[in-house]
Each structure stands twice: as C-alpha cells, then as structure tokens.
Amino acid sequence: MEFWNRINEMFAELVKEHAIWQSAAMRAAAGVLGSLILWMIFRKVVKVVFARLEKYEFIQSNQKVLSATRQALFYGLILATGMYLIEVLGLEAVKNPFFAIMIVFFAAPGKKIIYLSVTYLESRIAGKTETKLDDIVFDITKRFGGVLIYVAAIIFALDRIGINVMPIIAGASVMGVAVGFAAKDTLSNFIAGVLLLIDRPFEVGDRIEVWTSPKNSATWGDVMEIGMRATKIQTTDNITIVIPNNEIMTRDIINYTSGSERIRVRINMGVAYDADIAKAKSLIINVANQMDWVSKDPAPVVVVVNYGESSVDLQVRVWIDDARKRIHTISYITDKVKEEFDKHGVEIPFPRRDIVIRQGG
C-alpha cells in the first residue's frame, strides 16, 4: 500500500511540474507575441512622430536620427522581452550575460546619436564663434566619441558578469604608457595638430611656403587639409605634400594670404655704371604699371640698393593685389624690362676686367 502511495505522489508531482512548465511556456509565448505587436506599434508611432518633426532643421539635416532611434527602441524591446522571459522561465544563470550583451549592443545607436548631435552643434556653433577651441572639441569628440562609448560599454558589460575590471584597467594603463613611448612621434604630431587648430597660423586655402618640396619644383602651395597628424599642401605644380604637424610647428611659417592677399614684391636687377639711372627707373616703372593686378596706391618704386663691382644694383618694389601672382609678377617684369632696356639702349652689365700689361725694364 505504501508503495502505491509513493507512486501516486510522484505522478502528482510530475503532473504539477508539467502544468507549471506549460503555464510558463504559455506566458513566454504570450510575452514574445506581445513584444512583436508592441514593436509594430512602435514603428508606426515613430514614423508618425518623425513625420511631424521633419519641419525642424535638426531632423532635416540628420535623417539618420530616425534610424538610430528605431535601433535603440528595438534593442530596448529586446532587453525588456529577454528579461521577462528569463524571469518567467527561471533562467537566472543567463540573466547577467544577457544584460551584458545588450549593454554592448546599445553602444551602436548611442554612437550614432552622439555623432549626429555633435555634427549638428558644430554647424550651429563653431562657425559663429571667433575662438578655435570649439572646433577642436567638436573634431576630437567626433573622432573619438564612438571609441569611448564602446570602451565604456565593454567595461560595464564585464562588470555585470562579475569580472573585476580594475586589473584590466591597470594593465591597459601600463600598456598605454608603453605604447606612448613607442608612438611618441605620432603623439607629438597629434599634439602639434591640436596646437595648429588652436593657433591657426594658416587656414585651409591659404598659400604658404613649402620647405620640403622636391628639387626644382614649386616652393609654395595652398593648404588642402589640416589633420590631427599631418597637413596636406598642394603646390603650384599640382604636387601634394604631406608634412607632419610636429615638423610644421618647429619651422617658420610663411603665409602669403593670411588676413589679406595683398603683398609687396621685390625684384633685384642691375644696370651699367654709365647707364642713365633715371631713364632705367622710368622704364621699369612703366613696365610694372602695365599689369592690372599691380596696385597704383602705393605706386611702384625703384631704388638703388647697392653699388656692385660692375653694376648699379636696383630693386623694384611693387604691391600686388593677389599674392598668388607673385611669381608671375617677377617673371613678367624681368622679361619686359630686358626688352625695354634693349630697345632704349640701357645696358645690362656684365663682369669686366681691365688687364694692364707691363714690360719690365
């Protein structure tokens, strides 16, 4: 009799347990179905809300906000559904790992939203301020904001599953110091790039002197890009030169177009000692005035700068309105002055030696 009673009790327990699991399975299925319905409702609501928000400038210029928001809501629904299923099915062992994985997933839409927000603020703020510090902050935030979000997400995820992150952080700090020593040139260029963005000795589009141009090529060019590691300059020979920022910061920077593109050009030339200096000056000034980009106020001038071994050294000084025509100005004046001197009999000197022959007696 006792044997049959124990059999009945075991059967009753099995039936009870089966009923519990059946109830849990039904609740889990209902939860999944409810999540699917809720997601469909979310999509409709988000679509309607963003259709109404399209009149705002931020939404118009950042259409990816809708995608990032939808992604965040989707992950949020997965998180809520997963936590509900874990609770219903009694899967406490997977609760923390699941939560940790979702933390990492949430980093993706977080990165997108932060990048779009920073880009919008940069377009609204950076261009309206005189200081360049905000440009640096926005640029660094866009470049490294996503990395910091993922690093923080991974740290929180590891902490959630019970892994002590302090030794990892300490090890990363030591490794960071080692990497810093190994990449000191890169860090130096990065710091120099930040200083360039703060000081702004030149802007994109400025024409500056290039000291590392190839031999027998143009020695100046236009700034194309100021990066965090290097600056790109395109010379007048259409050669792109990439110069490390650290090297730029240790050199004298010659900027021909900063503030104003109006510069003075000096051209050296000489005439013979027996030439008419006043006539030579007049011919040179007439040639200079033939160029429409040469300023009339102040007017071109020619001065005597030295008495050489075989020449009177003159210097032409003209102001031009476009610094990019400096070489063209020098070439034009040099060529035309030679023609005018030949036409009007002004001699261009060449070395002379007087040889006296004496016969000893």
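Coordinates for the structure precede this section.
Since the structure is predicted, the reported quantities are computational estimates derived from the model, not experimental observations. (Residues numbered from 1 in each chain as written. Predicted model: local features only at pLDDT ≥ 70, side-chain atom pairs only at ≥ 80, totals over all residues. Heavy atoms only, no water.)

**Looking at the packing of helix 9 (residues 277–288) against helix 10 (residues 326–344)**
Logical step 1: Where helix 9 contacts helix 10, the two axes come as close as 9 Å, and the packing angle between them is 135 degrees. On the basis of their axis angle, the class for helix 9 and helix 10 is oblique. By crossing handedness, the relation of helix 9 to helix 10 is classed as right-handed. Contact residues: helix 9 offers Lys279, Ala280, Leu283, Ile284, Val287 and Ala288, while helix 10 offers Tyr332, Ile333, Lys336, Val337, Glu340, Phe341 and His344. (Axes fitted to C-alpha atoms, helices over the stretch in contact; angles between N-to-C directions. Helix = DSSP H or I, 4+ residues; strand = E, 2+ residues; numbered from the N terminus. Parallel < 35°, antiparallel > 145°, perpendicular 65-115°, else oblique. Left-handed = near helix turned anticlockwise from the far one by under 90°. Contact = heavy atoms within 4.5 Å.)

**Some thoughts on a positive patch on the surface**
Logical step 1: Together, Arg43, Lys44, Lys47 and Arg70 line one region of the surface with positive charge.
Logical step 2: The greatest single-element share of the positive patch, amounting to 3 residues, is contributed by helix 1 (residues 2–53). (Patch = residues over 30% accessible without salt bridge, like charges linked within 9 Å, V, L, I, M, F, W, Y side chains within 5 Å. Areas by Shrake-Rupley, 256 points an atom, 1.4 Å probe, with all protein chains shown as cover. Salt bridge = Lys/Arg side-chain N within 4 Å of Asp/Glu carboxyl O. Lys, Arg positive; Asp, Glu negative; His and termini not counted. Charge placed at Lys NZ, Arg CZ, Asp CG, Glu CD.)

**Description of the pairing of strand 3 (residues 230–235)**
Logical step 1: Pairing between strand 2 (residues 220–226) and strand 3: 5 bridges, direction antiparallel. In the sheet register, Glu225 faces strand 3, and the bridge partner there is Lys232.
Logical step 2: Connecting strand 2 to the antiparallel partner strand 3 that follows it, the hairpin turn spans 3 residues.
Logical step 3: Two strands pair when backbone bridges link them, and strand 3 and strand 4 (residues 240–244) are joined in this way by 5 bridges, in the antiparallel orientation. Bridge pairing in strand 4 links Gln234 to Thr240.
Logical step 4: Adjacent in sequence and paired antiparallel, strand 3 and strand 4 are bridged by 4 residues, among which Asn238 carries a positive phi angle near 65 degrees. (Pairing = 2+ DSSP bridges.)

**Quick notes on the sheet that holds strand 2**
Logical step 1: Within the open sheet, the 4 strands sit side by side as 1-2-3-4. Their pairing is antiparallel. Two strands bound the open sheet, and with one partner strand each, they are strand 1 (207–209) and strand 4. Taken pair by pair, the neighbouring strands of this sheet meet at an average axis angle of 45 degrees, ignoring direction.
Logical step 2: Two elements, strand 1 and strand 2, share 3 bridges in a ladder whose sense is antiparallel. Looking at strand 2, one finds that Arg207 is bridged to Asp222.

**What to know about unusual backbone geometry**
Logical step 1: A cis amide bond links Asp297 with the next residue in sequence, Pro298, at an omega value of 0 degrees.
Logical step 2: With respect to the helices and strands, the residue Pro298 is situated in the loop between helix 9 and strand 6 (301–307).
Logical step 3: In the Ramachandran plot, Asn238 falls in the positive-phi region, its phi being about 65 degrees despite a non-glycine side chain.
Logical step 4: Within the element layout of this structure, Asn238 appears in the loop between strand 3 and strand 4.

**Let's talk about the packing of aromatic side chains**
Logical step 1: Following the criterion strictly, the structure yields 2 aromatic pairs and no others.
Logical step 2: The interplanar angle of 80 degrees and the centroid separation of 4.9 Å between the aromatic rings of Trp220 and Tyr256 together place this pair among those described as edge-to-face. Taken together, the residues Trp220 in strand 2 and Tyr256 in the loop between helix 8 (245–249) and strand 5 (263–271) connect sequence positions 36 residues apart. Each member of the pair, Trp220 as well as Tyr256, is classed as buried.
Logical step 3: Plain terms: the ring middles of Tyr273 and Tyr307 are 6.4 Å apart, the flat faces sit at 20 degrees to each other, and that makes the pair stacked. With a gap of 34 residues between them, Tyr273 in the loop between strand 5 and helix 9 and Tyr307 in strand 6 connect regions that are remote in the sequence.
Logical step 4: On the accessibility criterion, Tyr273 (44% relative accessible area) is partly exposed.
Logical step 5: Directly above the ring of Trp220 sits Arg207, whose terminal nitrogen or CZ lies 5.1 Å from the centroid.
Logical step 6: Lying over the aromatic face of Trp220, Arg326 brings its terminal NZ or CZ to 5.5 Å of the ring centre. (Phe/Tyr/Trp six-rings, centres within 6.5 Å; stacked < 30°, edge-to-face > 60°. Buried < 20%, exposed > 50% of the residue type's maximum accessible area, 1.4 Å probe, protein only. Lys NZ or Arg CZ within 6 Å of the ring centre and 35° of its normal.)

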